[in-house]
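Close look at the chain arrangement
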Amino acid sequence: MKPSTAYLIGGIIALVCIALGIYYLIPGINHVLADPPQTQHIKHTLVFFALAIVALIGARFAANSKASS
């Protein structure tokens, strides 16, 4: 995998996680798999934002490990 491909895949995963985080941040929407479905879910939002950061860091490490091999 080329370094640019690793960044692209990590970026796409990060964008999906950010979109899900924003989805759980908006009150008044019927949130799937959440106990009171009409309220904000700060914990879900923080988890998805953290996953986005992990995806970007993982893409960085994946690009570096494949480039040096």
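Coordinates for the structure precede this section.
Residues numbered from 1 in each chain as written. Predicted model: local features only at pLDDT ≥ 70, side-chain atom pairs only at ≥ 80, totals over all residues. Heavy atoms only, no water.

**A look at the overall build of the protein chain**
Heads up, the rule is: Elements are defined by DSSP. Helices are runs of H or I of four residues or more, strands are runs of E of two residues or more, and each kind is numbered from the N terminus. C-alpha atoms define the radius of gyration, and 2.2 Å times the number of residues to the power 0.38 defines the globule rule. In this scheme, a residue with accessible area under 20% of its type's maximum is buried, one over 50% is exposed, and one in between is partly exposed, where area comes from a 1.4 Å probe on protein chains only. In what follows, residue pairs with any heavy atoms lying within 4.5 Å of each other are defined as contacts.
For the protein chain, the helix and strand inventory stands at 2 helices and 0 strands. Computed over its C-alpha atoms, the radius of gyration of the protein chain comes to 15 Å, more than 25% above the 11 Å expected for a compact globule of 69 residues. For the protein chain, the spread of C-alpha atoms along the principal axes amounts to about 50 × 15 × 15 Å. The buried share of the protein chain, reckoned over its 69 residues, is 22%. For the protein chain, contacts bridging at least 24 residues in sequence account for 49% of all contacts bridging at least 6.

**Overview of helix H1 (residues 3-25)**
Put simply, the rule is: One less than the residue count of a helix, multiplied by 1.5 Å, gives the span that helix is expected to have.
In this model H1 runs 33 Å from its N-terminal to its C-terminal C-alpha over 23 residues, within 8% of the 33 Å that 1.5 Å per residue would give. All of the buried residues in H1 are Ala6, Gly10, Ala14, Cys17, Gly21 and Tyr24.

**Section: the side chain of Thr45**
Take Thr45: it is sitting in helix H2 (residues 42-68). Not counting residues within four places of it along the chain, the set of residues in contact with Thr45 comprises Gly21, Tyr24 and Leu25.

**Some remarks on the packing of aromatic side chains**
Put simply, the rule reads: A pair of Phe, Tyr and Trp rings is counted when the ring centres sit within 6.5 Å of each other, with Trp represented by its six-membered ring. The angle between the planes then sorts it: under 30 degrees is stacked, over 60 is edge-to-face, the rest tilted.
Tallied over the full model, the rule gives 2 aromatic pairs. Relative to Tyr24, the ring of Tyr23 lies with its centre 5.1 Å away and its plane at 70 degrees, an arrangement referred to as edge-to-face. By relative accessible area, Tyr23 is classed as partly exposed at 27%. According to the relative accessible area criterion, Tyr24 is buried, its value standing at 9%. Taken together, the ring pairs in this structure connect Tyr23, Tyr24 and Phe48 into an aromatic cluster.

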